[in-house]
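Here is what each chain is made of, one letter per residue.
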Amino acid sequence: MKYYSTNGKAPVADLRKAVVKGLAEDRGLYMPERIERLPEEFISTMGSRSFAENSLRVAEAFFGEDVPAAGLRRIVEETLSFDCPLREVEPGIYALELFHGPTLAFKDVGARFMARLLRHFTGGEGEINVLVATSGDTGSAVANGFLGVEGIRVFVLYPKGKVSPIQECQFTTLGRNITALEIDGTFDDCQALVKAAFMDPELNASMRLTSANSINVARFLPQAFYYFEALARLQADNVVCCVPSGNFGNICAALFGKRMGLPVKRFIAANNANSVFYEFLQTGEYRPRPSVQTIANAMDVGDPSNFARIWDLYGHNPEAIRADISGATYPDAQIAATIRDCFARTGYLLDPHGACGYRALKEGLRPGETGFFCETAHPAKFKDTVEAITGSPVAIPARLAAFMQGEKKSVSLPAEFKSFKEFLIS
Ligand SMILES: *Cc1c(COP(=O)(O)O)cnc(C)c1O
């Protein structure tokens, strides 16, 4: 399969290049040149097969030409070491729980898959180094996704004192092939250091560097797996799929799923107060702007990267996008009220991101439709926020508690490229 750039000014790439490079030379996002439509027979019999079996078929559609069958099977099976169950919250409304992986958030699926695909392409060629800047959640998903994967070292750069203790322990306590770098600066400083490293000829001559950015095709396409799983388990017509969205990678994978035959009638993109996409749906104009901070902070994105993919997928046509996707946007007060009301009425505890999805689905569902929303993180990841809203204690799952007991190990560095480079070379 070849991958083209959404900016149309870079040469097409093979899968290996798209995975290792992440972003095309023209700063565009890679798109597969074809999206295979899966046979009706496969779709109608999904309910009789396991998550891993169905996912393998979906993975073959994207990666089957480039990765031998046995290797791809192993990658899929290793990735899906946990379930994505569908829970009925109230009649007609289901939560697709994507938080049963190592870091209790959906990014685990893409990060685990990408780590193994990268190993497939670069294994045996000597060590490859993944650099990732994080404001919290990406670092934990990538670090855990790559933990123990042979031939790959990961450096997580995070701003000192600016990530929550729960987030910090998820990438500073791992050891092995994961190194946490505590940068005396902001998230933007961390990102600037990573960018500078990729541009530095001397550094690139002495070590192989790559990123594990969320726009990487190997991180975003595997997210389609759990949408097929949802439809395999949910035997219903007129299904509406609602995705709490920030960078729009997760919903984009669902939209690819629809092109492959996923029987979803329509989609809802739920936003927090960062409503650039919602406004695009109203006006037909995309006007990015700086993000604002909210309690659903993994969705605090003012210029969603994957808008470029959606724009491309729908032929630059706002009407076509509106025919498939509607939007919603909620300020913090409404997110909080939603968590409180849902918990009081149903006993189901939402996290702030899932709360946007639940509310948009509940408000948007029409008679005769059945809906599911992605519950993208476990509420314990946002313990303080959620406890303050409901007034009830949130139990910490064993996996998260284990991270919090681990010994924190990180290397402190100033926010200057010279020290960072010297550290990497040594
Ligand atoms: C990353 C994230 C989102 C947003 O997903 P996108 O793919 O960026 O739209 C939503 N919820 C949680 C918990 C996340 O970590």
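The following paragraphs examine the structure supplied in this document. (Residues numbered from 1 in each chain as written. Predicted model: local features only at pLDDT ≥ 70, side-chain atom pairs only at ≥ 80, totals over all residues. Heavy atoms only, no water.)

1. A closer look at the nonpolar core
The following threshold applies: Here the nonpolar core consists of buried residues drawn from Ala, Val, Leu, Ile, Met, Phe, Trp, Tyr and Cys, with membership extended through side-chain atoms lying within 4.5 Å. Exposed residues in this analysis have more than 50% of their type's maximum accessible area, buried residues have under 20%, and partly exposed residues fall in between, with area computed by a 1.4 Å probe over protein chains only. In this text, helices come from DSSP runs of H or I with a minimum length of four residues, and strands from runs of E with a minimum of two, each type numbered from the N-terminal end. Whether two residues are in contact is decided by their heavy atoms, any of which lying within 4.5 Å being enough.
Counting residues in hydrophobic clusters, the biggest one holds 132 residues, and the most contacted among them are F63, L117, F146, F228 and F372. Looking at this core element by element, the count peaks at 8 residues for helix α11 (residues 224–233). Leave out the neighbours within four places in its chain, and L117 touches L15, V19, F63, V67, I75 and A218. Counting residues in each nonpolar core, the second largest holds 16 residues, with A133, F155, I183 and L413 among its members.

2. Observations regarding the packing of aromatic side chains
Quick reminder of the rule: Stacked, tilted and edge-to-face pairs are distinguished by plane angle, under 30 degrees for stacked and over 60 for edge-to-face with tilted covering the rest, among Phe, Tyr and Trp rings (Trp via its six-membered ring) whose centres lie within 6.5 Å. When the NZ atom of lysine or the CZ atom of arginine is within 6 Å of a ring's centre and also within 35 degrees of its normal, the charge is said to sit over that ring.
The full count for this structure, using the stated rule, is 18 aromatic pairs. Each member of the aromatic cluster is reached from another via a ring pair, and the members are F62, F63, F113, F220, F225 and F256. Above the face of the Y314 ring, R259 is positioned so that its terminal group lies 5.2 Å from the ring centre.

3. Here we look at the pattern of salt bridges
For the record, the criterion: Here, a salt bridge means any Lys or Arg side-chain nitrogen found within 4 Å of an Asp or Glu carboxyl oxygen.
Across all of its chains, the model carries 29 salt bridges by this definition. R16 is paired through a salt bridge with E125; the nearest N and O atoms lie 3.3 Å apart. Of the two residues, R16 is situated in helix α1 (residues 15–21) and E125 in the loop between α5 (107–122) and β6 (128–133); the sequence distance between them amounts to 109 residues. Ionic pairing is found between E77 and R73, a salt bridge with its closest N-O pair at 3.2 Å. Here E77 pairs with R73, and both are found in helix α4 (residues 69–79), just 4 residues apart, close to one helical turn. Classification of E77 by relative accessible area gives partly exposed; the value is 42%. Judged by relative accessible area, which is 33%, R73 ranks as partly exposed. Members of the salt-bridge network, linked through shared partners, are R74, E78, R116, R119 and E150.

4. Overview of the sheet that holds strand β14 (residues 411–414)
Put simply, the rule is: Paired strands are those between which DSSP finds at least two bridges. Lines are fitted to the C-alpha atoms to define the axes, a helix being fitted only along its stretch in contact, and any angle between axes, read from their N-to-C directions, falls within 0 to 180 degrees.
Pairing is parallel across the open sheet formed by 5 strands, whose spatial order is β9-β6-β7-β8-β14. The open sheet has two edge strands with one neighbour each: β9 (208–211) and β14. The average angle at which neighbouring strand axes cross in this sheet is 30 degrees, direction not considered. Each of β6, β7 (152–159) and β8 (178–184) is contacted by helix α6 (residues 137–146), which is oriented at about 165 degrees to β7, the strand it contacts most. Set on the sheet, helix α20 (residues 417–425) makes contact with β6, β7, β8 and β14; between it and β14 the angle comes to about 140 degrees.

5. Details of helix α13 (residues 276–283)
Test applied: Here the arc refers to the directions that run from the helix axis out to each C-beta atom.
Along α13, the residues classified as buried are V276, F277, F280 and L281. Along the long axis of α13, the arc covered by the buried residues comes to 145 degrees, so they all point the same way. Buried residues along α13 sit against β11 (266–271), α14 (307–313), α15 (318–324) and β12 (325–329). At the exit of α13 stands G284, carrying a positive phi of roughly 80 degrees.

6. Looking at the packing of α6 against helix α7 (residues 165–172)
Basically, it comes down to this: In these notes the angle categories are as follows: under 35 degrees is roughly parallel, over 145 is roughly antiparallel, 65 to 115 is roughly perpendicular, and the rest is oblique. Helix crossings are classified by the rotation of the near helix relative to the far one: an anticlockwise turn of less than a right angle makes the crossing left-handed, while a clockwise turn makes it right-handed. Gly falls in the polar group here, along with every residue not listed as nonpolar (Ala, Val, Leu, Ile, Met, Phe, Trp, Tyr, Cys, Pro) or charged (Asp, Glu, Lys, Arg).
With their axes 8 Å apart at the nearest point, α6 and α7 run at an angle of 25 degrees to one another. Between α6 and α7, the crossing angle belongs to the class labelled roughly parallel. The crossing of α6 and α7 is left-handed. Between α6 and α7, the contacting residues are D137, G139, S140, A143 and N144 on the first element and Q167, Q170 and F171 on the second. Looking at the contact of α6 with α7 residue by residue, the class counts come to 2 nonpolar, 5 polar and 1 charged.

7. So, the environment of C241
Considering the arrangement of structural elements, one finds C241 in strand β10 (residues 239–244). Exposure remark for C241: the relative accessible area of 0% places this residue in the buried category. It is 6.3 Å that separates the C-alpha atoms of C241 and I268, two residues lying 27 residues apart in sequence. Apart from the residues within four sequence positions on either side, C241 is in contact with Y227, V264, R266, F267, I268 and F372.

8. With respect to the side chain of T103
Here T103 shows up in the loop between β5 (93–97) and α5. Apart from the residues within four sequence positions on either side, T103 is in contact with D108, S140, A141, N144, Q170 and K381.

9. Brief notes about the site of the ligand
How we decide: Working definition: residue near molecule or strand if any one of its non-hydrogen atoms lies within 4 Å of it. Within 3.5 Å is the distance limit for a polar contact, defined as a pair of N or O atoms, with the added protein rule that one can donate a hydrogen and the other accept it, and that residues adjacent in sequence qualify only through two side-chain atoms. Surface accessibility in these figures is a Shrake-Rupley result with a 1.4 Å probe; residues are shielded only by whichever protein chains are displayed.
Near the ligand, the surroundings consist of 15 residues, among which K107, G246, N247, F248 and T376 are the closest. Measuring from an oxygen atom of the ligand, one finds a backbone N or O atom of G249 at 3.2 Å. At a separation of 2.8 Å, a nitrogen atom of the ligand approaches a polar side-chain atom of T376. Relative to its unbound accessible surface of 390 Å², the ligand loses 96% to contact with the protein. Taken together, the residues of the shell around the ligand break down into 6 nonpolar, 7 polar and 2 charged.

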